[in-house]
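An overview of the molecular structure
The chain contents come next:
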Amino acid sequence: MSFFLPKLTTKKDIDEVIKAVAEKVLVLRFGRDDDSVCLQLDEILSKTAHDLSNMASIYIVDVDKAPIYTRYFDISYIPSTVFFFNGQHMKVDYGSPDHTKFVGSFKTKQDFIDLIEVIYRGAMRGKMIVQSPIDPQNIPKYDLLYHGI
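Residues numbered from 1 in each chain as written. Predicted model: local features only at pLDDT ≥ 70, side-chain atom pairs only at ≥ 80, totals over all residues. Heavy atoms only, no water.

**Thoughts on the packing of helix 2 (residues 36-49) against helix 4 (residues 109-124)**
Taken N-terminus to C-terminus, the directions of helix 2 and helix 4 make an angle of 60°; their axes are 9 Å apart at the nearest point. Comparing their axes, helix 4 and helix 2 come out oblique. Where helix 2 crosses over helix 4, the two elements pack in a sense that is right-handed. Here helix 2 contributes I44, L45, K47 and T48 to the contact with helix 4, which in turn contributes K109, F112 and I113. (Axes fitted to C-alpha atoms, helices over the stretch in contact; angles between N-to-C directions. Helix = DSSP H or I, 4+ residues; strand = E, 2+ residues; numbered from the N terminus. Parallel < 35°, antiparallel > 145°, perpendicular 65-115°, else oblique. Left-handed = near helix turned anticlockwise from the far one by under 90°. Contact = heavy atoms within 4.5 Å.)

Shown next as structure tokens:
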């Protein structure tokens, strides 16, 4: 399903999209095209892309082709989804230690739609962090890995 969504392959492409997308939530899905969980997430993203076109722009980023951003956002698990609004990184409190990204796939299309609406409304009010509307049972659990500590 990822072939329905635009792909960013270089740091320059990612930088340009972050700067260019205005008054919309920018969704960057970090992962690999051959990963089954990434494909599951891509299906949800592609099915909702049209419905959310007034509020969000969705792009696919291959973790192997954008190592600078992969390290910057500490992408250890894929898929990981990062959100921006007007060039600012938006954080979401999922009830987990990491507010910078959503790790894993959304359980339903409605979970993703609800999250985009909350991020969009919060960003329009000037908030940089919003509370996740997703049921905590639908949020994948994982442990943060700290290497070299």
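From this point, the discussion proceeds with the structure in view.
**Some words on the environment of A56**
Of note, A56 is situated in strand 3 (residues 56-62). Note: C-alpha distance between A56 and L41 (15 residues apart in sequence) is 16 Å. Aside from chain neighbours lying at most four places away, what touches A56 is K24, V25, V27 and I116.

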